[in-house]
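The chain contents come next:
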Amino acid sequence: AMEGELHGKRALEEDAFTQVISNDLKKVSKRPTHEREYTTVLVSNLPKSVNQGKIRKQFSDCGRIRHIDIVDSTDGNSRFAKIEFYSHDESLAAITKTHKRMGNNEIIVEHLEGCTLWMTNFPPDFDVKHLKQLINSIDVVVLSVRLPSKKFNSNRRFAYIDVTKASDVAKCVNELNEKEINGYKIVVKVSNPLELSLIHI
(Lines give C-alpha, C1' and ligand atoms only; values in the text may rest on other atoms or scores of the structure.)
Protein backbone atom coordinates (compact mmCIF):
# COMPACT_ATOMS: atom_id res chain seq x y z
CA ALA A 1 0.00 0.00 0.00
CA MET A 2 2.89 2.29 0.91
CA GLU A 3 4.30 2.10 -2.61
CA GLY A 4 0.93 2.99 -4.13
CA GLU A 5 0.70 6.08 -1.91
CA LEU A 6 4.22 7.20 -2.83
CA HIS A 7 3.48 6.73 -6.49
CA GLY A 8 0.25 8.68 -6.12
CA LYS A 9 2.07 11.54 -4.36
CA ARG A 10 4.77 11.68 -7.04
CA ALA A 11 2.14 11.78 -9.79
CA LEU A 12 0.43 14.68 -7.99
CA GLU A 13 3.73 16.57 -7.71
CA GLU A 14 4.46 16.02 -11.40
CA ASP A 15 0.96 17.18 -12.28
CA ALA A 16 1.43 20.29 -10.17
CA PHE A 17 4.74 21.02 -11.92
CA THR A 18 3.22 20.52 -15.37
CA GLN A 19 0.39 22.84 -14.37
CA VAL A 20 2.85 25.57 -13.30
CA ILE A 21 4.74 25.31 -16.60
CA SER A 22 1.59 25.34 -18.71
CA ASN A 23 0.28 28.33 -16.72
CA ASP A 24 3.53 30.17 -17.39
CA LEU A 25 3.26 29.47 -21.09
CA LYS A 26 -0.40 30.55 -21.09
CA LYS A 27 0.60 33.79 -19.39
CA VAL A 28 3.25 34.38 -22.01
CA SER A 29 0.90 33.72 -24.90
CA LYS A 30 -1.73 35.92 -23.28
CA ARG A 31 0.51 38.94 -22.83
CA PRO A 32 2.05 39.69 -26.20
CA THR A 33 2.22 43.38 -25.22
CA HIS A 34 5.53 42.92 -23.39
CA GLU A 35 7.28 40.73 -25.94
CA ARG A 36 10.19 42.35 -27.71
CA GLU A 37 8.74 41.37 -31.09
CA TYR A 38 5.53 43.24 -30.32
CA THR A 39 7.11 46.37 -28.89
CA THR A 40 10.09 46.84 -31.21
CA VAL A 41 10.10 48.52 -34.60
CA LEU A 42 12.71 48.66 -37.32
CA VAL A 43 13.09 51.97 -39.16
CA SER A 44 14.81 51.66 -42.56
CA ASN A 45 16.13 54.15 -45.11
CA LEU A 46 17.02 56.79 -42.54
CA PRO A 47 19.34 59.59 -43.72
CA LYS A 48 23.03 59.17 -42.85
CA SER A 49 22.91 62.26 -40.63
CA VAL A 50 20.29 60.79 -38.30
CA ASN A 51 21.12 60.44 -34.59
CA GLN A 52 19.38 59.47 -31.32
CA GLY A 53 18.05 63.01 -30.79
CA LYS A 54 16.43 63.24 -34.23
CA ILE A 55 14.85 59.81 -33.86
CA ARG A 56 13.50 60.63 -30.39
CA LYS A 57 12.04 63.84 -31.77
CA GLN A 58 10.35 62.04 -34.68
CA PHE A 59 8.91 59.21 -32.54
CA SER A 60 8.40 60.77 -29.09
CA ASP A 61 4.68 61.40 -29.75
CA CYS A 62 4.20 57.61 -30.20
CA GLY A 63 4.97 56.79 -26.57
CA ARG A 64 7.75 56.01 -24.15
CA ILE A 65 10.94 54.84 -25.82
CA ARG A 66 12.85 52.17 -23.91
CA HIS A 67 15.89 51.94 -26.16
CA ILE A 68 17.25 53.00 -29.56
CA ASP A 69 20.02 51.34 -31.59
CA ILE A 70 21.26 53.02 -34.79
CA VAL A 71 23.47 51.31 -37.40
CA ASP A 72 24.68 51.99 -40.93
CA SER A 73 23.42 50.03 -43.91
CA THR A 74 25.95 47.75 -45.64
CA ASP A 75 26.59 50.29 -48.43
CA GLY A 76 26.80 53.14 -45.91
CA ASN A 77 24.24 55.24 -47.81
CA SER A 78 21.51 55.08 -45.16
CA ARG A 79 20.93 54.02 -41.57
CA PHE A 80 18.67 51.64 -39.67
CA ALA A 81 17.20 52.24 -36.22
CA LYS A 82 15.75 49.71 -33.84
CA ILE A 83 13.33 51.39 -31.44
CA GLU A 84 12.01 49.50 -28.47
CA PHE A 85 8.87 50.90 -26.84
CA TYR A 86 7.25 49.87 -23.56
CA SER A 87 3.99 48.66 -25.07
CA HIS A 88 2.47 47.17 -28.21
CA ASP A 89 0.18 50.18 -28.73
CA GLU A 90 3.15 52.54 -28.74
CA SER A 91 4.87 50.44 -31.40
CA LEU A 92 1.67 50.47 -33.50
CA ALA A 93 1.64 54.27 -33.30
CA ALA A 94 5.24 54.28 -34.58
CA ILE A 95 4.27 52.12 -37.57
CA THR A 96 1.85 54.83 -38.74
CA LYS A 97 4.95 56.93 -39.51
CA THR A 98 6.01 54.66 -42.36
CA HIS A 99 6.47 56.65 -45.63
CA LYS A 100 7.02 59.87 -43.66
CA ARG A 101 10.05 61.88 -44.69
CA MET A 102 13.16 62.45 -42.61
CA GLY A 103 15.55 64.71 -44.47
CA ASN A 104 15.28 63.69 -48.13
CA ASN A 105 14.46 60.07 -47.28
CA GLU A 106 11.12 58.31 -47.13
CA ILE A 107 11.38 56.06 -44.10
CA ILE A 108 9.92 52.57 -43.67
CA VAL A 109 8.69 51.55 -40.20
CA GLU A 110 7.71 47.93 -39.44
CA HIS A 111 7.66 45.52 -36.53
CA LEU A 112 10.97 43.77 -36.03
CA GLU A 113 9.79 40.15 -36.33
CA GLY A 114 11.71 36.94 -36.97
CA CYS A 115 14.99 38.86 -37.03
CA THR A 116 16.68 37.43 -33.93
CA LEU A 117 19.48 34.86 -33.84
CA TRP A 118 20.56 32.80 -30.87
CA MET A 119 24.26 32.02 -30.76
CA THR A 120 26.31 29.95 -28.36
CA ASN A 121 29.67 28.16 -27.98
CA PHE A 122 31.67 31.07 -29.41
CA PRO A 123 35.20 31.53 -27.97
CA PRO A 124 35.14 32.65 -24.29
CA ASP A 125 36.97 35.90 -25.06
CA PHE A 126 34.35 37.00 -27.62
CA ASP A 127 32.49 40.17 -26.71
CA VAL A 128 29.84 42.27 -28.51
CA LYS A 129 32.44 43.73 -30.88
CA HIS A 130 33.71 40.29 -31.97
CA LEU A 131 30.18 39.00 -32.54
CA LYS A 132 29.28 42.06 -34.64
CA GLN A 133 32.46 41.67 -36.72
CA LEU A 134 31.72 37.98 -37.28
CA ILE A 135 28.24 38.72 -38.67
CA ASN A 136 29.35 41.82 -40.60
CA SER A 137 31.95 39.57 -42.28
CA ILE A 138 29.14 37.84 -44.23
CA ASP A 139 27.59 41.23 -45.21
CA VAL A 140 24.80 41.17 -42.66
CA VAL A 141 23.86 44.31 -40.70
CA VAL A 142 23.70 43.82 -36.91
CA LEU A 143 21.18 45.98 -35.02
CA SER A 144 22.08 44.81 -31.53
CA VAL A 145 23.78 42.09 -29.51
CA ARG A 146 22.45 41.08 -26.09
CA LEU A 147 24.64 39.02 -23.78
CA PRO A 148 23.39 37.60 -20.45
CA SER A 149 24.68 39.19 -17.29
CA LYS A 150 27.99 37.60 -16.25
CA LYS A 151 27.14 38.54 -12.67
CA PHE A 152 25.08 35.39 -12.10
CA ASN A 153 26.91 32.74 -14.05
CA SER A 154 30.03 33.27 -16.11
CA ASN A 155 29.56 29.89 -17.84
CA ARG A 156 26.41 31.02 -19.63
CA ARG A 157 27.96 31.93 -22.96
CA PHE A 158 25.20 32.81 -25.39
CA ALA A 159 23.91 35.86 -27.21
CA TYR A 160 20.76 37.15 -28.85
CA ILE A 161 21.55 39.07 -32.03
CA ASP A 162 19.07 41.22 -33.95
CA VAL A 163 19.55 41.66 -37.70
CA THR A 164 17.45 43.72 -40.13
CA LYS A 165 15.62 41.01 -42.05
CA ALA A 166 14.50 37.40 -41.69
CA SER A 167 16.46 36.36 -44.80
CA ASP A 168 19.65 37.52 -43.02
CA VAL A 169 18.79 35.25 -40.08
CA ALA A 170 18.69 32.32 -42.52
CA LYS A 171 21.96 33.46 -44.11
CA CYS A 172 23.69 33.57 -40.70
CA VAL A 173 22.44 30.09 -39.80
CA ASN A 174 23.52 28.69 -43.18
CA GLU A 175 26.95 30.30 -43.22
CA LEU A 176 27.95 30.40 -39.55
CA ASN A 177 26.31 27.46 -37.76
CA GLU A 178 28.99 24.85 -36.88
CA LYS A 179 31.75 27.13 -38.17
CA GLU A 180 34.93 26.56 -36.19
CA ILE A 181 36.53 29.62 -34.60
CA ASN A 182 39.70 29.24 -32.51
CA GLY A 183 38.82 25.60 -31.87
CA TYR A 184 35.19 26.29 -30.90
CA LYS A 185 32.36 25.09 -33.11
CA ILE A 186 29.76 27.86 -32.85
CA VAL A 187 26.03 27.19 -32.78
CA VAL A 188 23.75 29.64 -34.60
CA LYS A 189 19.96 29.18 -34.56
CA VAL A 190 16.80 31.14 -35.23
CA SER A 191 15.68 32.48 -31.85
CA ASN A 192 12.31 31.51 -30.46
CA PRO A 193 10.60 34.72 -29.22
CA LEU A 194 8.79 32.73 -26.54
CA GLU A 195 12.11 31.77 -24.93
CA LEU A 196 13.26 35.38 -25.03
CA SER A 197 10.28 36.53 -23.03
CA LEU A 198 10.77 33.84 -20.38
CA ILE A 199 14.44 34.63 -19.84
CA HIS A 200 14.30 38.43 -19.46
CA ILE A 201 17.95 39.16 -20.04
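Note: the structure precedes this text.
Rules used in this analysis
- Residues numbered from 1 in each chain as written.
- Predicted model: local features only at pLDDT ≥ 70, side-chain atom pairs only at ≥ 80, totals over all residues.
- Heavy atoms only, no water.
- Phe/Tyr/Trp six-rings, centres within 6.5 Å; stacked < 30°, edge-to-face > 60°.
- Buried < 20%, exposed > 50% of the residue type's maximum accessible area, 1.4 Å probe, protein only.
- 1 Å grid on protein atoms, 1.4 Å probe; cavity = no way out; pocket = protein on both sides within 12 Å on 5 of 7 lines; lining within 4 Å.
- Points joined across faces, edges and corners; volume = space filled by probe spheres on them.
- Nonpolar A, V, L, I, M, F, W, Y, C, P; charged D, E, K, R; others polar.
- Helix = DSSP H or I, 4+ residues; strand = E, 2+ residues; numbered from the N terminus.
- Pairing = 2+ DSSP bridges.
- Contact = heavy atoms within 4.5 Å.
- Polar contact = N/O pair within 3.5 Å; in protein donor to acceptor, adjacent residues only side chain to side chain.
- Axes fitted to C-alpha atoms, helices over the stretch in contact; angles between N-to-C directions.

Asker: Help me understand the packing of aromatic side chains, please; the structure alone is not making it clear to me.
Answerer: What characterises a pair of aromatic rings is the spacing of the ring centres plus the angle enclosed by the ring planes. This model, assessed by the stated rule, comprises two aromatic pairs. Ring geometry for Phe158 versus Tyr160: centroids 5.9 Å apart, planes at 80 degrees, classification edge-to-face. Residue Phe158 is classed as buried on the basis of its relative accessible area of 11%. Under the relative-accessibility criterion, Tyr160 is labelled buried at 1%. Every member of this aromatic cluster is reached through a ring pair, and the members are Trp118, Phe158 and Tyr160.

Asker: Honestly, empty space enclosed by the protein in this entry has me stumped. Any pointers?
Answerer: If a probe as big as a water molecule is rolled over the atoms, it shows which places are left empty. Throughout the structure, instances matching the rule amount to one cavity of 30 Å³ or more. Its boundaries defined by the atoms lining it, the largest cavity holds a volume of some 70 Å³. Together, 12 residues line the largest cavity, and Arg36, Glu37, Leu112, Thr116 and Asp162 are the ones closest to its centre. Considering only residue class, the lining of the largest cavity consists of three nonpolar, three polar and six charged.

Asker: What is the right way to look at the pairing of strand β7 (residues 116-120) in this model?
Answerer: Within a regular beta strand, the side chains point alternately toward one face of the sheet and then the other, so they alternate between its two faces. Summarising burial for β7: four of the five residues are buried, a large majority. Pairing between β7 and strand β9 (residues 158-163): five bridges, direction antiparallel. In the strand pairing of β9, Thr120 is matched with Phe158. As paired elements, β7 and strand β12 (residues 187-190) share four bridges and run antiparallel to each other. Following the sheet pairing, Thr120 is matched in β12 by Val187.

Asker: Would you mind showing me how to read the environment of Lys82 here?
Answerer: The topology assignment puts Lys82 in strand β3 (residues 79-85). Lys82 sits 39 residues away from Val43 along the chain, and the two C-alpha atoms are 6.4 Å apart. Not counting the four nearest positions on each side in its chain, Lys82 is found in contact with Thr40, Val41, His67, Ile68, Asp69, Leu112, Leu143, Ser144, Arg146 and Asp162. A distance of 2.7 Å separates polar atoms of two side chains, one belonging to Lys82 and the other to Asp162.

Asker: What exactly am I supposed to notice about the pairing of β9 here?
Answerer: The element β9 is largely enclosed, with a buried count of six among its six residues. Burial along β9 is two-sided: Phe158, Tyr160 and Asp162 facing one way and Ala159, Ile161 and Val163 facing the other are all buried. Alignment of strand β8 (residues 142-146) against β9, held across four bridges, turns out to be antiparallel. Looking at β9, one finds that Val142 is bridged to Val163.

Asker: It is not clear to me how the sheet that holds β3 should be interpreted in this structure. Could you clarify?
Answerer: The strands making up a sheet associate through hydrogen bonds between their backbones, and the pairing can be parallel or antiparallel. Strands sit in the order β2-β3-β1-β6 across an open sheet of four strands; the sheet is antiparallel. Lying at the two open borders of the sheet, with one neighbouring strand each, are β2 (65-72) and β6 (108-111). Neighbour-to-neighbour, the strand axes of this sheet turn through a mean angle of 20 degrees, independent of strand direction. In terms of strand pairing, strand β1 (residues 40-46) meets β6 through four bridges, oriented antiparallel. Bridging across to β6, Leu42 finds its partner in Glu110. Sitting on the sheet, helix α3 (residues 52-59) touches β1, β2, β3 and β6, and the angle it makes with β2 is about 130 degrees.

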